[in-house]
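Tertiary structure, described
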Amino acid sequence: MKRTLAVIATLTAGTGLLTACTDEQAYCVDLATYAAKAVDVDPQKPVDYVKILDDAKKLQESAPQDVKDDWGVVVTFAEKAKAAGSDAVKLAELSKQTPGVMTAYKNITTQAKDSCKVDLPALN
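These numbers were taken from a predicted model, which means no experiment stands behind them.

1. Here's the deal with helix α3 (residues 65–84)
Here α3 spans 29 Å end to end across 20 residues, near enough to the 28 Å set by a 1.5 Å rise per residue. Inspection of α3 places Val67, Asp70, Trp71, Gly72, Val74, Val75, Phe77, Ala78, Ala81 and Ala84 among the buried residues, and these make up the whole buried set. Phi turns positive one or two residues past the end of α3, at Gly85, with a value near 60°.

2. Some thoughts on the state of the cysteines
Applying the stated criterion across every chain yields a total of one disulfide. Shown here is the disulfide that connects Cys28 with Cys116, its sulfur atoms set 2.0 Å apart. The disulfide joining Cys28 to Cys116 has a torsion of about -65° about its S-S bond and is therefore left-handed. Within this pair, whereas Cys28 is found in helix α1 (residues 2–38), its partner Cys116 is found in helix α5 (residues 98–116), the two being separated by 88 residues in sequence. We classify Cys116 as buried; its relative accessible area is 12%.

3. Some details on the pattern of salt bridges
This model, assessed by the stated rule, comprises five salt bridges. A salt bridge links Glu93 to Lys96; the shortest N-O distance between them is 3.3 Å. For Glu93, a relative accessible area of 49% corresponds to the partly exposed category. The partner of Asp119 in a salt bridge is Lys113, and the shortest N-O contact between them spans 2.7 Å. We classify Asp119 as exposed; its relative accessible area is 54%.

4. Describing the packing of aromatic side chains
The geometry of an aromatic ring pair is captured by the separation of the ring centres together with the interplanar angle, meaning the angle of the planes. A complete count under the given rule lists one aromatic pair for this structure. Seen in terms of ring centroids, Tyr34 and Trp71 are 5.3 Å apart; in terms of plane orientation they differ by 85°. Their pairing is edge-to-face. In this pair, Tyr34 sits in helix α1 while Trp71 sits in helix α3, placing the two residues 37 residues apart along the sequence. When its relative accessible area of 3% is taken as the criterion, Tyr34 is described as buried. Here Trp71 falls in the buried class, since its relative accessible area comes to 0%.

5. Some remarks on the confidence of the model for the chain
Residues of the chain with pLDDT of at least 70 account for 79%, and the chain-wide mean is 79. Within the chain, the element-level pLDDT minimum falls on α1, averaging 61, and the maximum on α5, averaging 93. Low confidence marks residues 1–20, where pLDDT is under 50. Its contacts with residues over four positions away, or in another chain, come to zero contacts.

Definitions and limits used
Residues numbered from 1 in each chain as written. Predicted model: local features only at pLDDT ≥ 70, side-chain atom pairs only at ≥ 80, totals over all residues. Heavy atoms only, no water. Helix = DSSP H or I, 4+ residues; strand = E, 2+ residues; numbered from the N terminus. Expected span 1.5 Å × (residues − 1). Buried < 20%, exposed > 50% of the residue type's maximum accessible area, 1.4 Å probe, protein only. Disulfide = S-S within 2.5 Å. Salt bridge = Lys/Arg side-chain N within 4 Å of Asp/Glu carboxyl O. Phe/Tyr/Trp six-rings, centres within 6.5 Å; stacked < 30°, edge-to-face > 60°. pLDDT = per-residue confidence, 0-100. Contact = heavy atoms within 4.5 Å.

So, in structure tokens, the structure goes:
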């Protein structure tokens with residue numbers, strides 16, 4: 001009986017680890033897809049963030065805990081840029097938030113390279 005319980009406990013623990021790896025692998029695959037699209041995004045231009053909004057939302061949901069908040073910063077900024085549309089005054093006001101977004105993006109970029117071996121486009 002003890003041996004059966006030990007085997008069940010080992011299998012249960014192993015399954016949890018496999019699920020975590022699978023989630024991280026899925027995130028890394030999505031991140032690589034995002035990287036290909038984000039090449040055309042100028043981090044200094046709020047309007048460009050609209051181009052990556054849907055992908056950023058997906059990544060925010062699946063992101064590891066250490067960058068989930070950073071993805072939240074990027075998503076919130078992209079949503080504000082989308083809402084601003086072509087309103088130059090709103091976009092100028094929004095551009096003041098760019099340094100915080102760039103810091104969040106740098107954290108995401110570092111984690112992407114370290115954990116997923118994915119190179120995201122550099123910040124300019």
